[in-house]
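Structural overview for review
Given next are the chains, with one letter for each unit.
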Amino acid sequence: MDFSLSKDQRALRSGVRELLTGRFGRERMRAAVEGGEGVDRGLWAELGAAGFFALRLPEAEGGVGLGLPESVLLFEEVGRALLPGPLVATHLAAGVVKGAAEGRAVVTVVDRSGPVADLAGADALLVLGEVVSLAAGESLRDVVRTAVAVRSLDPLTALYRPAGTVTGTVPLPALSPRTLRHEGALLTAAEQLGSAARTTEMAVQHARAREQFGAAIGSFQAVKHLCAQMLVRTELARAAVYAAAVTGDPVEVAGAKLLADEAAVGNARDCLQVHGGMGFTWEADVHLHLKRAWLRSGRWLTAAEAEEALAHDLGAAQQAGRG
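Described in the following lines is the structure provided in the data block. Everything numeric here is computed off the predicted structure, so don't read it as measured data. (Residues numbered from 1 in each chain as written. Predicted model: local features only at pLDDT ≥ 70, side-chain atom pairs only at ≥ 80, totals over all residues. Heavy atoms only, no water.)

Details of helix α7 (residues 177–209)
We count it as follows: Numbering of helices and strands runs from the N terminus; a helix is a DSSP stretch of H or I covering at least four residues, while a strand is a stretch of E covering at least two. Expected span, for any helix, means 1.5 Å times one less than how many residues it has. Here the term buried applies to any residue with accessible area under 20% of the maximum for its type, exposed to any over 50%, and partly exposed to those in between, with areas from a 1.4 Å probe on protein chains only.
For α7, which comprises 33 residues, the first-to-last C-alpha distance of 48 Å matches the rise-based estimate of 48 Å (1.5 Å per residue) to within 8%. Extensive coverage of α7 is indicated by the burial of 24 of its 33 residues.

And the structure:
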């Protein structure tokens, strides 16, 4: 299968990268970290105007009319940039929750008993259960009022745990919880892929510039091996994520999420090792990628759930072969 990007796909990816570089470059990102800021509403609106959230809506409904493969390219870019906020949930809610497609509403999600990201600054809350329902207005304010703040690994992602079952919600029959979970897992895998690619670049750049014993550390075999392994992880994850975006198969999504999580976490760890002592410092950006990768690995589809899905599919295939 040929995963070479078309001219339009490359242009789409470049446009989003330029937007994020201009509006959420390193200085802006570090300022957000130091200030403990939440969602940047101005940038959220710009993303909405650029079609980020409405990418997959039909043109007749004000969308761009593209598909899941193009969404994956965009989420790969936000993963590189460490852009905070419930981007996946808002993207999935576009066309169903008022204001989500245009970037005027911030939509977050609660699934099972996990913590909720960016709850305090959200305009709507998707509740995933047997069906998908929506908490907004007074019902959302009740959730925010009683929720307990949870210490977050990621300084750019505030976490809250609802006090109990969310009540007063409105059913959203247009949304399927199964589809939302699979697509949410895939888009999160794309973010992980972007982070893995970025930490690979960071490690290589540092290995070329840093010198020890009169030579660039990138000339040392141990460092070469680390960087090479980072590239291998990234490209394996890229193939899996792109393939799952094309097929939409839940089992392939599970494999893609598993590989992307491993690539993001493993590459951030190895990038830290390449940076040496300075990699552990607050001033370096490596730890931000590692913390976000840890957080994303528990979102939408955990490693245990992905492994269970893959094992179940393998078992079914073996049973079919015997039959």
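Regarding the environment of P177
Cut-off, in case you're wondering: Residue contacts are counted whenever heavy atoms from the two residues lie within 4.5 Å of one another.
With respect to the element layout, P177 can be found in helix α7. Taking C-alpha positions, P177 is 5.7 Å from V132, a pair spaced 45 residues apart along the chain. Each residue touching P177, except ones within four places of it in the same chain, is listed here: G129, E130, V131 and V132.

Here's the deal with the packing of helix α8 (residues 221–247) against helix α9 (residues 250–275)
Rules: In this description, a line fitted to the C-alpha atoms serves as the axis of each element, helices being fitted only across the stretch in contact, and the angle between N-to-C directions of two axes falls anywhere from 0 to 180 degrees. Orientation categories follow fixed angle ranges, with anything under 35 degrees roughly parallel, anything over 145 roughly antiparallel, 65 to 115 roughly perpendicular, and all other angles oblique. The hand of a helix crossing depends on one turn: near helix anticlockwise from the far one by less than a right angle means left-handed, and clockwise means right-handed.
With their axes 8 Å apart at the nearest point, α8 and α9 run at an angle of 155° to one another. Between α8 and α9, the angle falls in the class roughly antiparallel. Note on packing geometry: the crossing formed by α8 with α9 is left-handed.

Points about the pairing of strand β1 (residues 107–111)
The cut-off we apply is this: Only strands that DSSP links by at least two bridges are regarded as paired with each other.
Taking burial as the measure, the five residues of β1 include five buried ones, the bulk of the element. Pairing of β1 with strand β3 (residues 124–128) involves five bridges; the strand directions are parallel. Within β3, the position partnered with D111 by the bridge is L128.

A word on the side chain of H275
Within the element layout of this structure, H275 appears in helix α9. Since its relative accessible area comes to 12%, H275 is described here as buried. Each residue touching H275, except ones within four places of it in the same chain, is listed here: M202, A203, H206 and V286.

Remarks on the pattern of salt bridges
This is how the line gets drawn: The salt bridge criterion pairs a side-chain nitrogen of Lys or Arg with a carboxyl oxygen of Asp or Glu, the two atoms within 4 Å.
Overall, the coordinates contain 23 salt bridges when judged by the stated rule. Linking E34 and R30 is a salt bridge whose minimum nitrogen-to-oxygen distance equals 3.9 Å. Placement of the pair is E34 and R30 together in helix α2 (residues 26–35), with a separation of four residues, close to one helical turn. Residue classification places R30 among the buried residues on the basis of a relative accessible area of 9%. When salt bridges with common partners are traced through the structure, they connect R17, E77, R80, R198 and E201 into a single cluster.

Some points on unusual backbone geometry
A positive phi angle, near 60°, is found at L82, a position not held by glycine. Secondary-structure assignment places L82 in the loop between α4 (68–81) and α5 (87–93). A positive phi is found at D118, a non-glycine position, where the angle reads about 55°. With respect to the helices and strands, D118 occurs in the loop between β2 (116–117) and β3. For D118, a relative accessible area of 9% corresponds to the buried category.

As for the environment of L119
Among the secondary structure elements, L119 is positioned in the loop between β2 and β3. Residues L119 and P162, spaced 43 residues apart in sequence, show a C-alpha to C-alpha distance of 9.4 Å. Every residue in contact with L119, bar those within four places of it in the chain, is listed here: T108, L125, L140, V143, V144, A147 and Y160.

Considerations on the packing of α4 against α8
Applicable threshold: Any residue that is not Ala, Val, Leu, Ile, Met, Phe, Trp, Tyr, Cys, Pro, Asp, Glu, Lys or Arg is counted as polar, Gly included; the first ten are nonpolar and the last four charged.
Here α4 crosses α8 at 145°, and the two axes come no closer than 8 Å. For the pair α4 and α8, the crossing hand works out as right-handed. Taking contact as the criterion, the partners of L68, P69, V72, L73 and E76 in α4 are, on α8, R238, V241, Y242, A245 and V246. Residues belonging to the contact of α4 with α8 are distributed by class as follows: eight nonpolar, no polar and two charged.

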